[in-house]
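Topology and contacts: notes
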Amino acid sequence: MTERTNLPKMTKPKQARFSAFCELLEQEGNISALAARLRVTERTIHRYLVDLEGGSRRTTRYEEFMPQVLEHLQRYPHSLFTSTELARVLDIRYGNHFKYGNGYDGTALTPTLRRMEREDLVRSVLGFRNDRDYSIRLPVTRWRLAQAGGA
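Here's a quick rundown of the structure. Given the structure is predicted, the values throughout are model-derived calculations rather than measurements.

Comments concerning the sheet that holds strand β2 (residues 122–128)
Strand order in this open sheet of 3 strands is β1-β3-β2, and the pairing throughout is antiparallel. Each of the sheet's edge strands pairs with one partner strand only, and the pair in question is β1 (81–82) and β2. Two elements, β1 and strand β3 (residues 139–145), share 2 bridges in a ladder whose sense is antiparallel. Of the residues in β3, the one forming a bridge with F81 is W143. Contacting β1, β2 and β3, helix α4 (residues 62–75) runs over the sheet at an angle of about 80° to β3.

Let's talk about the packing of aromatic side chains
Throughout the structure, instances matching the rule amount to 4 aromatic pairs. Between the aromatic rings of F21 and Y48, the centroid separation amounts to 5.2 Å while the plane-to-plane angle is 50°, which identifies the pairing as tilted. You can see F21 sitting in helix α1 (residues 12–27) and its partner Y48 sitting in helix α3 (residues 42–53), a full 27 residues away along the chain. We classify F21 as buried; its relative accessible area is 0%. For the ring pair Y76 and F81, a centre distance of 6.3 Å and an interplane angle of 65° mean the geometry is edge-to-face.

About the criteria used
- Residues numbered from 1 in each chain as written.
- Predicted model: local features only at pLDDT ≥ 70, side-chain atom pairs only at ≥ 80, totals over all residues.
- Heavy atoms only, no water.
- Pairing = 2+ DSSP bridges.
- Helix = DSSP H or I, 4+ residues; strand = E, 2+ residues; numbered from the N terminus.
- Contact = heavy atoms within 4.5 Å.
- Axes fitted to C-alpha atoms, helices over the stretch in contact; angles between N-to-C directions.
- Phe/Tyr/Trp six-rings, centres within 6.5 Å; stacked < 30°, edge-to-face > 60°.
- Buried < 20%, exposed > 50% of the residue type's maximum accessible area, 1.4 Å probe, protein only.

Distances and angles like these do not, on their own, reveal function.
What follows is the structure in structure tokens.
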């Protein structure tokens, strides 16, 4: 039987289906056949495979965004940018979400910026918004190149 480590928490029925999946996986390699025998979708089989490998289901666009962010920050090494300002420069939009009016999606950059910070490429600088419209000071995170302006 295949070793199962770092599996997400599952309800008892899901655990039973996952156990059956693990047993059938050794017998049958075809995803469509596995899905039919377990009476689940092929997408579920793909999720089970990711869980079995210990990977993450979450997709990341790090490889796409990181070079663009790095290039922009290198162009302005002593400047600070919010994630929304970076999204506007890089033209990263919300998409067709009516709620957001097709605006710029700074939250899409946050995982990339956090990973870049762990890799010591950028630094986060905590501060407050400088908007005249607000009577209270709202916190904001700005980003800059790691080697610019000291530690």
